[in-house]
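The primary structure of each chain is shown beneath.
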Amino acid sequence: MLHRIKSTIIPVGFLSISMLAFASHAEPIKNSVAQDENRLLSIFKHLHANPEHAFMEHETAALVADELNKHGFEVHTGIAKTGVVGILKNGDGPVIMFRSDMDALPIKEETDLAYKSTAIKKDRFGNELPVMHACGHDAHTTWLIGMAKQLAERKSDWQGTLVLVAQPAEELIEGATAMVNDDLYKIAPEPDMIISAHTMAVIPADSVGIRDGRRMAGTDQIDVTLYGVGGHGSTPHAAIDPVVMGSMAVMGYQTIVSRAIDQYQPAVLTVGAFQAGDTNNIIPGSATLKVNLRWYNEYEREQMIKGIKSVTNNIAEMYNVPEDKMPTYKMKGYAGPVINNFPEDTQRAKQAMASTLGSDKVLLGLPPLMGSEDFQMLGSPYPDARILFVEIGSGKPDVYSNYIDKQMLPEVLNHNSKYVVEQQSIATGTAALTALVLEFLQK
């Protein structure tokens, strides 16, 4: 079937003819985005100043839905609580899905931006927490809004079906799976390709990066709960202290990667939170460790999970924890397989974005990262759907050369309270991603 990307082999000759045809639209894309830039920056600043926690992105979702409606998309809302899907059909052809994530992080912003977030909002559990777009999802959402306008106005240039997804809760690694489980595909058609992009502080804001092969690791979120016997702080011998057991577990976990994983295989095990007790002189009855895993092979994933359970269970047994109070393991936020860019898709994307931005603005993407995404889970019912991941620059002009020439990272990366997306990233991302999607929706 001609429009099925996963079964199409693109000859080199076709690519060159395709790119010549595409180039005629490249400059108008850049110009049109430039004319829309002030509007997009206003949206971006609004989103940055008004972030929302995972699964609580109600205002952001409403804004996205309104923008998609303006441009003639068939719009569906409330998928996995706050997810939004816009569908634009334009004749026979491939189905291309593009996903942007909407959620922010429970971080108090410490930038000097005039549009900084000062918000304290309820998370999905009712906790009042500071919230900040410290990972660029405000930019991602703005790109989607900008692309919707550009692609709706260029229907004569493409053919097929465009599906735009504004997804909740990427930071929890839960939102994409939640949308699939909430009947996404009773609304949306089966995708031939799923595309997503992320801000990258190591790339200048006027440039993009793309690379084939491994791009981002698979991940798991695991809550490990140890149960003890509570008691008075003055008589620990009369209790079973889960704080001590949890502390031993945290240290024991550190040897799993260093001693049980092949050193040639990348893997990361991080304990992001240790929750136990409320006051100084009471030994609590339980402690919870919030563990995050990153991996590139399922075997290493299984070894880490096995190691976590072995370490924790043996500590509990050492402290004579009864059978009915042995540790429990809540698996949540799984995202796999890992994200791989296919070489032929990468080459087409690279040429399309170079035609729009200029070849000097399309850089080699970073080496495989231990960061993770969950947009590939949108394709979990359709494992033959191709996945494509693009890095959109968000940094200052010298960040890439510093990284390549001096192996020097920017002072501030994402998930930091001082993280800033340079404003030029908005136009760059909108133009590059519009060009990329047009390439895969060619007539």
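Because the structure is a prediction, the values reported are computed rather than measured. (Residues numbered from 1 in each chain as written. Predicted model: local features only at pLDDT ≥ 70, side-chain atom pairs only at ≥ 80, totals over all residues. Heavy atoms only, no water.)

Q: Which parts of the structure should I look at to understand the overall build of the chain?
A: In terms of helices and strands, the chain carries nine helices and 18 strands. Radius of gyration (C-alpha) of the chain: 23 Å, near the 22 Å computed for a compact globule of 443 residues. Seen through its principal axes, the chain has C-alpha atoms that stretch 80 × 50 × 45 Å. Among the 443 residues that make up the chain, the fraction classed as buried is 54%. Long-range pairs, those at least 24 residues apart, make up 84% of the contacts in the chain between residues at least 6 apart in sequence. As displayed, the chain offers around 18900 Å² of accessible surface, 53% of which is attributable to carbon and sulfur atoms. (Helix = DSSP H or I, 4+ residues; strand = E, 2+ residues; numbered from the N terminus. Rg over C-alpha atoms; globule rule 2.2 N^0.38 Å. Buried < 20%, exposed > 50% of the residue type's maximum accessible area, 1.4 Å probe, protein only. Contact = heavy atoms within 4.5 Å. Areas by Shrake-Rupley, 256 points an atom, 1.4 Å probe, with all protein chains shown as cover.)

Q: Would you take a moment to explain the pattern of salt bridges for this structure?
A: Side-chain pairs of opposite charge can arise whenever the charged atoms involved come near each other. According to the stated counting rule, one finds 20 salt bridges in the structure shown. Residue aspartate 36 pairs with arginine 39 through a salt bridge whose shortest N-O separation is 2.6 Å. In this pair, aspartate 36 and arginine 39 both sit in helix α1 (residues 12-49), three residues apart, roughly one turn of the helix. Assessed through its relative accessible area of 27%, arginine 39 is described here as partly exposed. Among the charged side chains, a salt-bridge network with shared partners connects Asp36, Arg39, Asp66, Glu67 and Lys70. (Salt bridge = Lys/Arg side-chain N within 4 Å of Asp/Glu carboxyl O.)

Q: Can you help me understand unusual backbone geometry in this one?
A: Where the residue is not glycine, phi is negative for most of them; where a peptide bond is considered, it is trans in most cases. For the peptide bond that leads from glycine 336 to proline 337, omega is 5 degrees, which places it in the cis range. Along the chain, proline 337 turns up in the loop between β14 (328-335) and β15 (339-341). With a phi close to 55 degrees, alanine 80 is a non-glycine residue in the positive phi region. Positionally, alanine 80 belongs in the loop between β1 (74-79) and β2 (83-90). Phi is positive for glutamine 407, close to 50 degrees, though the residue is something other than glycine.

Q: Can you help me understand the nonpolar core in this one?
A: Within soluble globular proteins, side chains that are nonpolar tend to cluster in buried spots. Judged by nonpolar contacts, the single largest core of 63 residues is most densely connected at Leu162 and Ile195. Among the elements that line this core, the one with the most residues is helix α9 (residues 424-440), at ten residues. Every residue in contact with isoleucine 195, bar those within four places of it in the chain, is listed here: Ile96, Met97, Phe98, Arg99, Phe375, Leu388, Leu436, Val437 and Phe440. One finds Val85, Val165, Ala169 and Phe375 within the second-largest nonpolar core, a separate group that totals 28 residues. (Core = buried A, V, L, I, M, F, W, Y, C linked by side-chain atoms within 4.5 Å.)

Q: Sorry, what's going on with the environment of lysine 361 here?
A: As for its placement among the helices and strands, lysine 361 is situated in the loop between α7 (343-357) and β16 (362-364). Along the chain, lysine 361 and glycine 209 lie 152 residues apart, while their C-alpha atoms are 8.3 Å from each other. Beyond its immediate stretch of four places on either side in the chain, lysine 361 contacts Asp206, Ser207 and Val208.

Q: In this structure, what is going on with the sheet that holds β2? I would like to understand it.
A: The strands that make up a sheet are held in pairs by hydrogen bonds between backbone atoms, and each pair lies either parallel or antiparallel. Here we have eight strands laid out as an open sheet, ordered β1-β2-β6-β3-β7-β18-β8-β16, and mixed in their pairing. Whereas interior strands pair on both sides, the edge strands pair on one side only; in this sheet they are β1 and β16. For this sheet, the mean inter-axis angle between neighbouring strands, taken without regard to orientation, is 25 degrees. In terms of strand pairing, β1 meets β2 through four bridges, oriented antiparallel. Counted as the bridge partner of isoleucine 79 is glycine 83 from β2. Against the sheet, helix α8 (residues 399-406) touches β7 (193-204), β16 and β18 (386-395), its axis set at about 80 degrees to β7. (Pairing = 2+ DSSP bridges. Axes fitted to C-alpha atoms, helices over the stretch in contact; angles between N-to-C directions.)

Q: What is the right way to read the packing of helix α5 (residues 242-260) against helix α6 (residues 298-318) from this model?
A: Geometry of a packed helix pair, given as the angle between the helix axes and the separation of the axes. Across the interface, α5 lies against α6 with an axial gap of 9 Å and an inter-helix angle of 145 degrees. Crossing angle aside, the handedness with which α5 passes α6 is right-handed. For the pair α5 and α6, the contacting residues are Met245, Met248, Ala249, Gly252, Tyr253, Ile256, Val257 and Ala260 in the first and Gln303, Met304, Gly307, Ile308, Val311, Thr312, Ile315, Ala316 and Met318 in the second. When its residues are assigned to classes, the contact of α5 with α6 shows 13 nonpolar, four polar and no charged. (Left-handed = near helix turned anticlockwise from the far one by under 90°. Nonpolar A, V, L, I, M, F, W, Y, C, P; charged D, E, K, R; others polar.)

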